[in-house]
Each structure stands twice: as C-alpha cells, then as structure tokens.
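A look at the structure
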Amino acid sequence: MAPKVKDICNNCNKDVVSNDRALSCSICDKWFHIKCERVPVADYDFLQKSDDSIQWVCKGCKGASQKICKMLTLMHTRQDKIETEVVGLANSLKHCNERINSVDKNLSQLNENLPKMVSQQISQIIDDKSEEEKREANVIIFGIPETEEGDSKMKDTEFIQGLCSDSLGIDNIAIDEITRLGAKPKKGSGKFRLTRLVVKDNTSRNNLFRNAYKLKDTKIGAHKKIGIGRDLTKKQREINNALRIELGQMKKDFPHRSWAIRREKIVELPKSGIPPWAPDT
C-alpha cells in the first residue's frame, strides 16, 4: 500500500511521500522509513515485490506480539500437560473416574477461557502502549519551589527557563504546558508538588535528560535540589520501584562497580567517567 499525502513516519515524525522507502506496519497501520526502522534495502525490495500474504511488523508491535506468543506458548504447554494427564489416567487408572472427570472439567474451562484471556492480555498491552505514548513528550521536574502569591505558572516558567539556561546550558527550551501535580502542601511545610513539563519537540525533551547530570555540580543554590525524570505510567512506576530495590542490592554486592537503570533494566556503566544522561535513575 502506498503512503497517503499526509502520512508521517512514526519514528522521525517526517512526511512519508510516495517515492520514499517506507513500510506500513500490519498491526498498528503506522508508516516508518526503512532507515528509521533499520530495514535492509534487500528486505524492503522483497516486500515490495511480494503479495499481501507476507506482512511486515514494526519493532514496537513486534515486541508486543512476542509477549502474546510467549503467553500462548505457555498456555498451550499447560494444555498439553493436562491432556497428557487425562490420557494417562484413562489408560492406567480406569477405576478413578472422579479424578478423570475433574481433569476433563479443568481442561474444558481452560479451552473456554483461553480466547478471553488472550483478548484481555492484548487489550492491556495496547492500553499500556497508548498510555506510554501519551506521556512521551512529558518531563517531571522535582523540587521547584512554589510561590504563594502572583501568577504561579509564570513563576514556574521563569524558574524552568533559568534552570535550563543557567545550570543545564540549554537555550530556548520549547515549553508547551506546565502543570503542578496533586494537592498543594500546607504553607511552611517545605514540600513542593511535582511539576509536569510538556515540551513541543523531542529535541527539547532529550536535551533536558542529556544535561540533567549537570545539576549535581551547579553553583546555583535553588537548582541543587532539582531532579528531572520521565512521566511514568502506574505500571512503569511499579517496575521502576522494583528495579530500584534490586539496584540497591547490586550496589551493596558489587560496591566497586557502577550500576544504573536503563530502559527498565539494570546495566553496568562503563568506567570512562562519562556521566549518564538517561532519566531512569
């Protein structure tokens, strides 16, 4: 299928025109330049010449599909185990009719519930992915003082712009929206609500994360307690909390090695001394 006039690449957000080498995902129907998805030209040419029986799937949907396939394999393995048990009981324990009937009932329930379970799992994966995509342009900033008087959004905007230019070395940050999260703490408590920053482009977001490490060495007192992180979903927060516990144990077990959380995994950092910019930790 040829791209429409207004189709864009889901990776680079650039237009996909008719003479571009691009592919449409068979699951999400989104377009991707083959360069963005790292598809070899030979594979692309083969897909262009093949009929509709050969489908192409993007990396994002491929990951979700692999999870579903893994679950189906597990369910079929369990089903095979029950079927084997039923056959064994029927051949060697004919006198145990109650046991055979019980296993048959469990097998029937499994076969009956399998489509529903698969459908629920697929829906959950799609919902999780959709929620993550909604938060991709968001940045969470910790520790911004709250003003008691005047226009709080204007004060927050001025603070963030000063933070970027004076401590992070970023000029002209493209801010789209600033929102304080949760209920406002009591006056004098010394606590501040989280600030959700929505930026207009990925360049601004990535610059914030790449330069966040500079806050450790900032000379500006008001910026020393500032933290920058991703806007995580509830599921991502649960995974991240579990990883942080595991990370703490890794640091105790291997104190002379450097560890960090990257893309929902614990990895060992190189000894080059280059500060990591990823926002996971």
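Use the structure listed above.
Before going into details, it helps to say that this report is about the structure given with it. (Residues numbered from 1 in each chain as written. Predicted model: local features only at pLDDT ≥ 70, side-chain atom pairs only at ≥ 80, totals over all residues. Heavy atoms only, no water.)

What follows is about the pattern of salt bridges. A full pass over the atoms with the stated rule returns eight salt bridges. Between Lys 30 and Glu 133 there is a salt bridge, with the nearest N and O atoms lying 3.6 Å from each other. Linking Lys 30 in the loop between strand E1 (22-24) and strand E2 (31-33) with Glu 133 in helix H4 (residues 97-134), this pair joins segments that are 103 residues apart in sequence. For Lys 30, a relative accessible area of 29% translates into the label partly exposed. For the salt bridge of Glu 146 with Arg 193, the shortest nitrogen-to-oxygen distance reads 2.8 Å. With Glu 146 in the loop between strand E3 (138-142) and helix H5 (152-168) and Arg 193 in the loop between strand E4 (175-181) and strand E5 (194-199), this pair connects stretches of sequence that are 47 residues apart. Classification of Glu 146 as buried rests on a relative accessible area of 15%. (Salt bridge = Lys/Arg side-chain N within 4 Å of Asp/Glu carboxyl O. Helix = DSSP H or I, 4+ residues; strand = E, 2+ residues; numbered from the N terminus. Buried < 20%, exposed > 50% of the residue type's maximum accessible area, 1.4 Å probe, protein only.)

So, on to unusual backbone geometry. At Asp 29, a position not held by glycine, the phi torsion is positive, near 65°. You can see Asp 29 is positioned in the loop between E1 and E2. Positive phi outside glycine occurs at Arg 38, with the angle close to 60°. In this structure, Arg 38 sits in the loop between helix H1 (34-37) and helix H2 (41-49). Under the relative-accessibility criterion, Arg 38 is labelled exposed at 73%.

On to the environment of Ala 64, then. The topology assignment puts Ala 64 in helix H3 (residues 59-92). In this structure, the C-alpha to C-alpha distance between Ala 64 and Ala 242, residues 178 residues apart in sequence, is 22 Å.

The next subject is the packing of aromatic side chains. Taken as a whole and judged by the stated rule, the model has two aromatic pairs. Considering the side-chain rings of Phe 32 and Trp 56, the 5.9 Å spacing of their centres and the 65° angle between planes classify their relative orientation as edge-to-face. Linking Phe 32 in strand E2 with Trp 56 in the loop between H2 and H3, this pair joins segments that are 24 residues apart in sequence. Pair check on accessibility: Phe 32 and Trp 56 agree, each one buried. On the numbers, 5.9 Å between centres and 55° between planes, the contact of Phe 254 with Trp 259 is tilted. (Phe/Tyr/Trp six-rings, centres within 6.5 Å; stacked < 30°, edge-to-face > 60°.)

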